[in-house]
Amino acid sequence: IKYVGTDYDSIEVPNAAGTYSVKVSINNDNYVLTGTVEAEFVVTEPEKPVESVSFVETLLNLEVGGSDYTLNPVINPNNATNKNVSWSVSPSGVVTVVDGVVTPVAKGEATITVTTEDGNKTATCSVKVTQPVTSVEITTTETKYTTNDLVELEVVVGPENADNKTVTWTVEPADAAEVDANGVVNPLKAGD
């Protein structure tokens, strides 16, 4: 505090954020001045800029129609003042990202980028979306066979762009027929 250009008194400023008030009383007979001055001041934390941003995950494997996944960017330092971020995906159409929640949309690969508002720091995460099988159908219409008459069953696995269309075959009861990995059936005895 300055009084007529001369150090009159001093205040030690608190080092914790908050609002503080100060009251100064002046009673100086030499200047015939008596009075009180009150003031309020605010102490704020110094701004801490973002130094970097990263993801724990580097690759996500998701399925069309599967669960969403939440990406949480790690901002350094942890007590940075402005932690606001924006999201982008390239190419579009494979996944959507809203506030870090990744939703698989279509089969493909994409890169998710998060950018900090403070300092434009970026981090990326790759994502691969696969298409699971949603249907399987035996399309052979013939249902009556004689023993030792080999029959090749035809099967359609959908959708057409499913990633893994491999099927396995079983027969019940097991002693009624044999079936190989290609769907070729050898009836062994009469019955269903």
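Everything numeric here is computed off the predicted structure, so don't read it as measured data. (Residues numbered from 1 in each chain as written. Predicted model: local features only at pLDDT ≥ 70, side-chain atom pairs only at ≥ 80, totals over all residues. Heavy atoms only, no water.)

Novice: Hey, could you run me through the packing of aromatic side chains in this one?
Specialist: The geometry of two aromatic rings is summed up by the distance between their centres and the angle between their planes. Taken as a whole and assessed by the stated rule, the structure comprises 1 aromatic pair. Between the aromatic rings of Phe 55 and Trp 87, the centroid separation amounts to 5.9 Å while the plane-to-plane angle is 25°, which identifies the pairing as stacked. With a gap of 32 residues between them, Phe 55 in the loop between β5 (52-54) and β6 (59-63) and Trp 87 in strand β9 (residues 85-90) connect regions that are remote in the sequence. (Phe/Tyr/Trp six-rings, centres within 6.5 Å; stacked < 30°, edge-to-face > 60°. Helix = DSSP H or I, 4+ residues; strand = E, 2+ residues; numbered from the N terminus.)

Novice: Can you walk me through the nonpolar core in this structure?
Specialist: Looking at soluble globular proteins, one finds that nonpolar side chains tend to be buried together. The biggest cluster of nonpolar side chains holds 19 residues, and the ones touching the most others in it are Leu 60, Leu 71, Val 95, Val 102, Ile 112 and Val 127. Residue assignment for this core shows that the elements contributing at least two residues are β6, β10 (95-98), β12 (108-116) and β13 (122-130). If you look at the next biggest cluster of nonpolar residues, it comprises 5 residues, including Val 151, Leu 153, Trp 169 and Val 185. (Core = buried A, V, L, I, M, F, W, Y, C linked by side-chain atoms within 4.5 Å. Buried < 20%, exposed > 50% of the residue type's maximum accessible area, 1.4 Å probe, protein only.)

Novice: So what exactly am I meant to see when it comes to the pairing of strand β11 (residues 101-104) here?
Specialist: Consecutive residues of a regular strand have side chains that alternate between opposite faces of the sheet. Of the two faces of β11, the one holding Val 102 and Pro 104 is buried and the one holding Val 101 and Thr 103 is not buried anywhere. As judged from the 2 bridges shared by strand β7 (residues 69-70) and β11, these two strands associate in the antiparallel manner. Bridge pairing links Tyr 69 to Val 102 in β11. With 4 bridges connecting them, β10 and β11 associate as antiparallel partners. Each bridged residue has a counterpart across the sheet, and for Val 97 the counterpart in β11 is Val 102. Counting the residues that bridge the hairpin from β10 to β11 gives 2 residues, and of these Asp 99 lies at a positive phi of roughly 50°. (Pairing = 2+ DSSP bridges.)

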